[in-house]
Amino acid sequence: MTAFENSADRLFAWWFQQFKQASNTLDREGDENVFQQLSGQYAHTLKHELVQIALRLIDEFKETIDNISSLQQMLTKRIEGYLNEFNQKTMQL
């Protein structure tokens, strides 16, 4: 799980910084719809990349872990947590 957390933390920080830069020129009052669409696009990309990390880890450890479904559930919850945090942070901008 530590390997996932380390990679996911770096990925989250990078994508959030990219989103901040991309949305910096938007006027939230006049461009809220555009802001929401941009946020959704970045969240989707973040999710895709987090899932890829999780799948690589699952593939790497599938032979050594007895209960792989438990690992899958934990990773799914962590991905949801990162996405929730991303959405919360974007709304605070």
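In short, a report on the structure. (Residues numbered from 1 in each chain as written. Predicted model: local features only at pLDDT ≥ 70, side-chain atom pairs only at ≥ 80, totals over all residues. Heavy atoms only, no water.)

This next bit is on the packing of aromatic side chains. Across all of its chains, the model carries 10 aromatic pairs by this definition. Each ring, one from F4 and one from Y82, has its centre 6.3 Å from the other, and the planes form 75 degrees; the classification is edge-to-face. In this pair, F4 sits in helix α1 (residues 2–23) while Y82 sits in helix α3 (residues 68–91), placing the two residues 78 residues apart along the sequence. Per residue, the accessibility class of F4 equals that of Y82, and both read buried. Measuring from ring centre to ring centre gives 5.9 Å for F19 and F86, while their planes differ by 65 degrees; the resulting arrangement is edge-to-face. Here the residue F19 occupies a position in helix α1, and F86 occupies one in helix α3, the gap between them amounting to 67 residues. Classification of F19 by relative accessible area gives buried; the value is 0%. (Phe/Tyr/Trp six-rings, centres within 6.5 Å; stacked < 30°, edge-to-face > 60°. Helix = DSSP H or I, 4+ residues; strand = E, 2+ residues; numbered from the N terminus. Buried < 20%, exposed > 50% of the residue type's maximum accessible area, 1.4 Å probe, protein only.)

Ranked by size, the top nonpolar core spans 23 residues in total, and within it F4, L46, L50 and F86 carry the most contacts. Within the residue set of this core, elements represented by two or more residues are α1, α2 (32–61) and α3. Top contributing element to this core by residue count: α2, with 10 residues. Contacts of F86, omitting those with residues within four sequence positions, involve F12, W15, F16, F19, S39, Y42, A43 and L46. (Core = buried A, V, L, I, M, F, W, Y, C linked by side-chain atoms within 4.5 Å. Contact = heavy atoms within 4.5 Å.)

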